[in-house]
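Structure assessment
The lines below spell out each chain.
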Amino acid sequence: MTKQISDWKHILLDTSVVIDYLMTPERISNNENAKKRVEKTHLLFDYFHSTVNDIKRTLYISAITLSELRKLSIDKTILETLVSLFNCSDIVFVDFTKEMAMQIHTHLDLLDKDPNLNSLVKNLSNELNKEGVYQASGWVADDLKIVATGKFFKGKIDVVITGDGKTFVPLAQRFEIPVVNTFKLPVTIFNQLEVNTAFN
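Residues numbered from 1 in each chain as written. Predicted model: local features only at pLDDT ≥ 70, side-chain atom pairs only at ≥ 80, totals over all residues. Heavy atoms only, no water.

1. Things to note about the layout of surface pockets
It is a probe the size of a water molecule, rolled over the atoms, that shows where empty space is left. Considered as a void within the structure, the second largest pocket measures approximately 280 Å³ in volume. Taken together, Thr2, Gly165, Val169, Gln173, Ile177, Pro178, Val179, Val180, Asn181, Lys184, Phe199 and Asn200 form the lining of the second largest pocket. Sorting the residues of the lining of the second largest pocket by element identifies α9 (168-174) and β5 (179-181) as the ones contributing at least two each. Sort the elements by how many residues they give to the lining of the second largest pocket and β5 lands first, with 3 residues. Here the lining of the second largest pocket is built from residues that sort into 6 nonpolar, 5 polar and 1 charged. (1 Å grid on protein atoms, 1.4 Å probe; cavity = no way out; pocket = protein on both sides within 12 Å on 5 of 7 lines; lining within 4 Å. Points joined across faces, edges and corners; volume = space filled by probe spheres on them. Helix = DSSP H or I, 4+ residues; strand = E, 2+ residues; numbered from the N terminus. Nonpolar A, V, L, I, M, F, W, Y, C, P; charged D, E, K, R; others polar.)

2. Here's the deal with the sheet that holds strand β2 (residues 58-62)
One open sheet holds the 5 strands; their spatial order is β3-β2-β1-β4-β5, and the pairing between them is parallel. In this open sheet, the two strands that pair with only one neighbour each are β3 (90-94) and β5. Put simply, the sheet's adjacent strands are angled 25 degrees from each other on average, direction ignored. With 3 bridges connecting them, strand β4 (residues 159-162) and β5 associate as parallel partners. Each bridged residue has a counterpart across the sheet, and for Ile161 the counterpart in β5 is Val180. (Pairing = 2+ DSSP bridges. Axes fitted to C-alpha atoms, helices over the stretch in contact; angles between N-to-C directions.)

3. Notes on the pattern of salt bridges
According to the stated counting rule, one finds 3 salt bridges in the structure shown. The partner of Asp20 in a salt bridge is Arg37, with the nearest N and O atoms 2.6 Å apart. Of this pair, Asp20 sits in helix α1 (residues 15-22) while Arg37 is found in helix α2 (residues 32-50), placing the two residues 17 residues apart along the sequence. (Salt bridge = Lys/Arg side-chain N within 4 Å of Asp/Glu carboxyl O.)

4. What about the packing of aromatic side chains?
Taken as a whole and assessed by the stated rule, the structure comprises 5 aromatic pairs. Ring geometry for Tyr47 against Phe48: centres 6.1 Å apart, planes inclined by 50 degrees, an arrangement best described as tilted. Judged by its relative accessible area of 14%, Tyr47 falls in the buried class. (Phe/Tyr/Trp six-rings, centres within 6.5 Å; stacked < 30°, edge-to-face > 60°. Buried < 20%, exposed > 50% of the residue type's maximum accessible area, 1.4 Å probe, protein only.)

Structure follows, in structure tokens:
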């Protein structure tokens, strides 16, 4: 079971969450699901900002996420932008150490040994290809690397937050990492985040 939002202190951010937080709901008003996901992401970080003096949080951002953001041609000053954007917490940019690389290698090596995982990765790539995603296998590979980062920090992080329910969530669940899809964050009828609800 994943901890309730009010207990999150060590949080790994998937690239999708960073992108959603950089966006405004008005920019994607033609896609109701994406708009709702972005709104909930903003509610989450509004909560983090409002409790900054009460709860010390650390946000972890993978080097893979930084690379993906650069590929999307996001501002060259992305590090400064992220530090400013997430000023509600300490930020740790996770680089790859030798130990992490070995851990990632071990888990990615499971692709060759686990036909179910191999099948999951192929199916996720095929689904993205059907939707017209360019280089879907690269997308899934990057998700696997971020998931492996979460696996490396398992026990040290409370949750990995993602806006990607199609590829990231199934991979994270497969590696038994606590993951929450921002689209599924609980919100009251008054559009307030329910921070005391645990996730299954």
